[in-house]
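Observations on the model geometry
These are the residues of each chain, in order.
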Amino acid sequence: ENYEILIMTHIDFERQIFDSTAMYMIGGLFLDPWDVFKVKLALNARLMSLLTAARLYGDQLKHLIRKCVPRVNNAGTLVESILNKEYDQNQEYRFMEGLRNYVQHRGLPIHYISSHMGWTETSEDGLLEYSMDFGAQKLYLEEDEAFKKSVINESPAEIDLISMTRGYVESFSKMHEA
């Protein structure tokens, strides 16, 4: 159930990205600052829910695994080693774990939003494509003394939270399968 909650919150986050991009596509250059604020607010809310669900899954997995596989005496230790291995091997997982802590104690995760449009081809077959990017800025995260410096140092100046989040959820899927 906890894994399904994590997946549901990820789907909600992805839907919000789609809805926000569609709003930009329809409203275009006529979006006022209030519209942009509402988009950022909705994305922050969905991302914070996902971070909470991820923490719930990771924390409870260590305890629930003993009930799932009662005949495996060292199940808790095995889960801990799987979590640690994913942390060590996956930059997205490391970053998002730090971001979750930052969100809980310091600030909101999304620092910037940008939207783009462009033609896929210059011929008549080209389609007008819309996209949205948003992320965290390293500058703000560096102000948090609790954010691990090693994780900050491996991050670019602008951190793409769409790809980071997708990599983070992929890590949980790998851990769940293991």
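Higher on the page you've got the structure.
We now turn to the structure provided with this report. These numbers were taken from a predicted model, which means no experiment stands behind them.

Because an α-helix completes one turn every 3.6 residues, residues spaced three or four positions apart along the sequence face the same direction. Look at helix α3 (residues 75–89): 21 Å from first C-alpha to last across 15 residues, which is about the 21 Å you get at 1.5 Å a residue. Along α3, the residues that are buried comprise Ala 75, Gly 76, Val 79, Leu 83 and Glu 86. All buried residues of α3 project into a common sector of 105 degrees when viewed along the axis, lining one side. Residues of α3 that are exposed and point over 90 degrees away from its buried face: Thr 77, Asp 88 and Gln 89. Summarising the contacts, the buried residues of α3 are in contact with α2 (33–68), α4 (91–105) and α7 (161–177).

Glancing now at a nonpolar patch on the surface. On the surface, Trp 34, Phe 37 and Leu 41 cluster together into a nonpolar patch covering about 340 Å² of accessible area. Among the structural elements, Phe 37 can be located in helix α2.

It is at 10 Å that the axes of α3 and α7 come closest, and there the two elements cross at 150 degrees. Classified by the interaxial angle, the pair formed by α3 and α7 is roughly antiparallel. Crossing hand, α3 versus α7: right-handed. Contacts between α3 and α7 involve Ile 82, Leu 83 and Glu 86 from the former and Ser 171, Lys 174 and Met 175 from the latter. Counted by class, the contact of α3 with α7 contains three nonpolar, one polar and two charged residues.

Basis of the calculations
- Residues numbered from 1 in each chain as written.
- Predicted model: local features only at pLDDT ≥ 70, side-chain atom pairs only at ≥ 80, totals over all residues.
- Heavy atoms only, no water.
- Helix = DSSP H or I, 4+ residues; strand = E, 2+ residues; numbered from the N terminus.
- Expected span 1.5 Å × (residues − 1).
- Buried < 20%, exposed > 50% of the residue type's maximum accessible area, 1.4 Å probe, protein only.
- Arc of directions from axis to C-beta.
- Contact = heavy atoms within 4.5 Å.
- Patch = residues over 30% accessible without salt bridge, like charges linked within 9 Å, V, L, I, M, F, W, Y side chains within 5 Å.
- Areas by Shrake-Rupley, 256 points an atom, 1.4 Å probe, with all protein chains shown as cover.
- Salt bridge = Lys/Arg side-chain N within 4 Å of Asp/Glu carboxyl O.
- Axes fitted to C-alpha atoms, helices over the stretch in contact; angles between N-to-C directions.
- Parallel < 35°, antiparallel > 145°, perpendicular 65-115°, else oblique.
- Left-handed = near helix turned anticlockwise from the far one by under 90°.
- Nonpolar A, V, L, I, M, F, W, Y, C, P; charged D, E, K, R; others polar.

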